[in-house]
Amino acid sequence: MSIELKNVSKNFGNVPAVNRVNFSVREGELVALLGPSGGGKTTVLRMISGLETPTDGDIFIRGERINDLKVQKRNIGFVFQNYALFQNMNVFKNIAFGLKIKKWRPGKIKNRVAELVRLLGLEGLEKRYPHQLSGGQRQRVAIARALAPKPSVLLLDEPFGAVGAKIRQELREWLVRLHHDLNLTTLFVTHDQEEAMEVSNRIVIFSRGYLEQIGTPREVYEQPANEFVARFIGVMNVLELTVEKGVGRAGELVFPTPGYADNEKVRIGFRPFAVQISPDLNHYRYQAIIRQTYFLGVMLRLELQLPSGLLLRSRMTKEEYAALALYDGRKVSLQIRNYRILAKEHEPLGPELTMPEKTSLYIGEGI
Amino acid sequence: MAGYVKSKRLGSTTASKRGTEESVFVKWLLICVALLFAVVFLLLPLANVFVQAFSKGLKVYISALTHEDSRAAIRLTLLVAAISVPLNVVFGLAAAWAIAKFDFRGKSLLNTLIDLPFSVSPVVAGLMYVLLFGLQGHFGRWLDEHNIKIIFAVPGIILATLFVTFPFVARELIPIMQSTGSEQEQAALTLGASGWQTFWRVTLPSVKWALIYGVILCNARAMGEFGAVSVVSGHITGETDTMPLRVEKLYNEYQSAAAFAVASLLAMLALLTLIIKTVLEWKQAREYERAQRNPEPRGPLLPPSLQTTRLERP
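What counts and how
- Residues numbered from 1 in each chain as written.
- Chains lettered and ligands numbered in written order.
- Predicted model: local features only at pLDDT ≥ 70, side-chain atom pairs only at ≥ 80, totals over all residues.
- Helix = DSSP H or I, 4+ residues; strand = E, 2+ residues; numbered from the N terminus.
- Buried ≥ 20, exposed ≤ 12 C-beta atoms within 10 Å, placed from the backbone.
- Contact = placed C-beta atoms within 7 Å.
- Axes fitted to C-alpha atoms, helices over the stretch in contact; angles between N-to-C directions.
- Parallel < 35°, antiparallel > 145°, perpendicular 65-115°, else oblique.
- Left-handed = near helix turned anticlockwise from the far one by under 90°.
- Pairing = 2+ DSSP bridges.
- Core = buried A, V, L, I, M, F, W, Y, C linked by C-beta atoms within 7 Å.
- Domains from an automatic or database assignment.
- Expected span 1.5 Å × (residues − 1).

**Student:** Can you explain the overall build of chain A? Please cite residues and give values.
**Tutor:** Per the secondary structure count, chain A includes 9 helices and 21 strands. In terms of overall dimensions, chain A has C-alpha extents of about 80 × 45 × 30 Å along its principal axes. The buried share of chain A, taken over its 367 residues, is 43%. Restricting to contacts in chain A with at least 6 residues of sequence separation, those with at least 24 account for 65%.

Given below as structure tokens:
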């Protein structure tokens, strides 16, 4: 195990920021700490780095308990959200800083910096100052600076938060390649579930200081541990059903809800893919109208309105859409293939889940 | 119809300008007002000092400056500045650091106290020390018994100067330290730097310009302070006269050319510090420019081949 957290908690004054978090990261893994802001993910990262001290619990790096080890001795590379480059130093001096502190010989420093400049594609920028660089270049300098002293772990705080959408996409791919090449244990914090899904080997999901789930992108998408994860990862249609005569109802939709008594409330969720559509009005049980189609590149997202006013989201490829001859305003029939019972009424949920009482349908954020 | 066409044409002449820009007339009016003020109230009087200083020829000028009492005044002024400026730098850094980077009880009190010398008249400042350390003051008898002279002596002058120059360095540093935050310092820590190394290599350079500016202001005031120093100095010619006091004394003795000569020297010291600052700024700008002139790397944004370069595993 490269990093291990055991029952780690952190309070700021009386405010708990992280609650008894346990997880471990294997050597060479690329792990995302994902969650909404205020979820505690950055605090976890900073505790691993030593910039914050845990109120309780133990942190291990390569089997060594590092709670009482100072930041300087932990041998971690930390990339700050806004890079925190030394403004008064040029690119070369920024990258060389950690090596100078470690009293490397000038010749060795020069070689190592040149190596990192090459690796990160910063050739020709060695003499520039941070304010003379673009956002993407600054980020690469920050990563080079963190990598220079050969850390045992690389920690990145919202690494793609401060750059534009296009560069962001390129940087993601680039981080994956860099990680692949260095095979260095890497943790990064993000609030963007797409980013976490795309980049990481495993995702650790936080909400309100609690660890909600840890797993591969596929696991957290297909087997979400709870409603928070289900709604946070990807898009989910969420319905609140009232059980009548043994089945759950929301508008005209009826779902079997085994084990629930009459008048109980049940929350269910299903992915847009589970909503199947046919242009033949008698093909499926329910009828709806296509209210709006969103083009997302290869995929399309459809907003469907049922006669009762319920809104559902569906998803299909461009080809399917064309084959079914669909368009906005067209009447269709639909069915919901599979769904998941999320939680009973009044069960405690994460902060994003407190929804107005009267609306019976929520559409998840995300993709 | 004609009106429409006309207004459209008028519009097109200003179309290239941004909406936020003022008209040419307003622009030049503002520039002229600012320049006029600067010339009439700053430049002309300053130039006049030099004109008056040389009004009786170079010989009088030089003899005024090389007069034994003038030389003593210059020495004392330099001594006072040499002691009070470094002390203020240390205090200013400590206070700015504390206010910008820590939260503690009494922080706002400290912040207000720093400004106290700005709001208290220098004469009152001088008087405070007289009341404390003068013969009739609280510590006066004790000091006299131990043969320590503060008032009407050099230590009193230094104390008074320290008081009036107190805010300059801290006031320049606090806003810049607050705005840079502490991320750069944290980055240095993660790279293995000790607190001391972080201070010298990261914190101090990042506030360099504010510090230089603060030192210049502090130095100008330390050399030029009249009111507070006048109260505590005792005006002993050749002993406790600083340059401003010497100027006043010469002027009151109707030696106006000599007075202006010393005044011109004082003005030149101020100008010199400004020149030093400008040169430093210019050098920094050139350094940036040279760095910028390096060729932009060609090719794609991303490093061409990550596969060919392989770093040693730690």
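Next comes the rest of the account.
**Student:** Describe the packing of helix H8 (residues 154-180) of chain B against helix H11 (residues 208-224) of chain B, with residues and values.
**Tutor:** Residues and elements named next belong to chain B. Two elements in contact, H8 and H11, have axes whose closest approach is 8 Å; the angle formed by their N-to-C orientations is 165°. Between H8 and H11, the interaxial angle falls into the category roughly antiparallel. In this structure, H8 crosses over H11, and the sense of that crossing is right-handed. Contacts between H8 and H11 involve Thr 161, Val 164, Thr 165, Phe 168, Val 169, Glu 172, Leu 173 and Ile 176 on the former and, on the latter, Ala 210, Leu 211, Tyr 213, Gly 214, Val 215, Leu 217, Cys 218, Arg 221 and Ala 222.

**Student:** Can you lay out the interface of chain B and chain A for me, pointing to particular residues and giving the numbers?
**Tutor:** Contact residues are listed per partner, giving 33 residues for chain B and 42 residues for chain A. Elements that contribute at least two residues to the side of chain B that touches chain A include exactly helix H9 (183-190), helix H10 (195-206) and helix H14 (256-292) of chain B. Among the elements that line the side of chain B that touches chain A, the one with the most residues is H9 of chain B, at 6 residues.

**Student:** Before we move on, can you summarise the pairing of strand S2 (residues 15-25) of chain A with the specific residues and values?
**Tutor:** Residues and elements named next belong to chain A. Direction of pairing for strand S1 (residues 3-12) relative to S2: antiparallel, over a ladder of 7 bridges. In the sheet register, Asn 11 faces S2, and the bridge partner there is Pro 16. If you look at the hairpin formed by S1 and S2, you'll find 2 residues sitting between the two strands, and Gly 13 has a positive phi there, around 65°.

**Student:** Would you mind going over the nonpolar core in detail, with residue names and values included?
**Tutor:** Side chains of nonpolar character tend, in soluble globular proteins, to be buried together. One finds Ala 32, Leu 33, Leu 116, Ala 144, Leu 155 and Val 204 of chain A to be the most contacted residues of the largest nonpolar core, which totals 106 residues. Broken down by element, the residue count for this core peaks at 6 residues, all from helix H4 (residues 135-147) of chain A. Taken domain by domain, the makeup of this core includes at least three residues from each of domain 1 (3-231) and domain 2 (232-363) of chain A. Those residues in contact with Leu 155 of chain A that lie beyond four places of it in its chain are Leu 45, Ile 48, Ser 49, Ile 76, Gly 77, Phe 78 and Leu 187 of chain A. Within the second largest apolar cluster, 57 residues are counted, among which are Ala 53, Phe 166, Ala 228 and Val 262 of chain B.

**Student:** Please give an account of H11 of chain B that cites residues and values.
**Tutor:** Residue pairs spaced three or four apart in an α-helix point in one direction, given the helix's 3.6 residues per turn. All names here are of chain B. For H11, spanning 17 residues, the distance from its first C-alpha to its last is 24 Å, which sits close to the expected 24 Å at 1.5 Å a residue. Those residues of H11 not exposed but buried are Ala 210, Leu 211, Gly 214, Val 215, Cys 218, Asn 219, Arg 221, Ala 222, Met 223 and Gly 224. Buried residues along H11 sit in contact with helix H4 (68-101), H8, helix H13 (243-252) and H14.

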